Amino acid sequence: MPDVLPVDMSKLNLDDEEDVKNEPTIHMLPEGYLGRLQILKSGKVRLMVGDVPLEVNMHSKSGFLQEILCCQTKSLDRGKVANIGTVPYTLSITPEYDQLIP
């Protein structure tokens, strides 16, 4: 994901004055949807964040094993861990520059 997201800061409910002064990051967003995923006729995938299109690209397998785990803890000494599975591919999300520059 990009370091700074194309969202309107006035629509975010930020309590901290320092957050209001900074550029919007993914950690400032409320829980819920980030954008809309579009699958085009050409097979390309685009993530729309507001009115800003972001290009989604799949990359080849990594050279090492990656796994996704789900951790549920009730206290510091007890909890459950479930292996969701391996990560076969990675994705990159970049701005569609030809759409951003008029």
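Everything that follows concerns the structure shown earlier in this document.
Residues numbered from 1 in each chain as written. Predicted model: local features only at pLDDT ≥ 70, side-chain atom pairs only at ≥ 80, totals over all residues. Heavy atoms only, no water.

A.B. asks: Tell me about the overall build of the protein chain, and please be specific about residues and values.
C.D. replies: Within the protein chain, the secondary structure is distributed over 2 helices and 6 strands. The N-to-C order of helical and strand elements in the protein chain reads α-β-β-β-β-β-β-α. Relative to its 102 residues, the protein chain shows a buried fraction of 14%. Taking all contacts inside the protein chain whose residues are at least 6 apart in sequence as the whole, residues at least 24 apart take part in 37%. Looking at the protein chain as shown, the accessible area adds up to about 8,700 Å², and 53% of this sits on carbon and sulfur atoms. (Helix = DSSP H or I, 4+ residues; strand = E, 2+ residues; numbered from the N terminus. Buried < 20%, exposed > 50% of the residue type's maximum accessible area, 1.4 Å probe, protein only. Contact = heavy atoms within 4.5 Å. Areas by Shrake-Rupley, 256 points an atom, 1.4 Å probe, with all protein chains shown as cover.)

A.B. asks: Kindly report on a nonpolar patch on the surface, identifying the contributing residues and their values.
C.D. replies: Residues Met58, Tyr89 and Leu91 make up a contiguous nonpolar surface patch of roughly 350 Å² in combined accessible area. Summarising the element assignment, Leu91 is placed in strand S6 (residues 90-95). (Patch = residues over 30% accessible without salt bridge, like charges linked within 9 Å, V, L, I, M, F, W, Y side chains within 5 Å. Salt bridge = Lys/Arg side-chain N within 4 Å of Asp/Glu carboxyl O.)

A.B. asks: Would you mind going over the pairing of strand S3 (residues 52-59) in detail, with residue names and values included?
C.D. replies: Bridging between strand S2 (residues 45-49) and S3 involves 5 bridges; their strand directions are antiparallel. Of the residues in S3, the one forming a bridge with Val45 is Val56. A loop of 2 residues connects S2 with S3, the two strands running antiparallel in sequence, and Gly50 in this loop sits at a positive phi of about 65°. For S3 and S6, the ladder comprises 6 bridges, and the chain directions are antiparallel. What sits directly across from Met58, in S6, is Leu91. (Pairing = 2+ DSSP bridges.)

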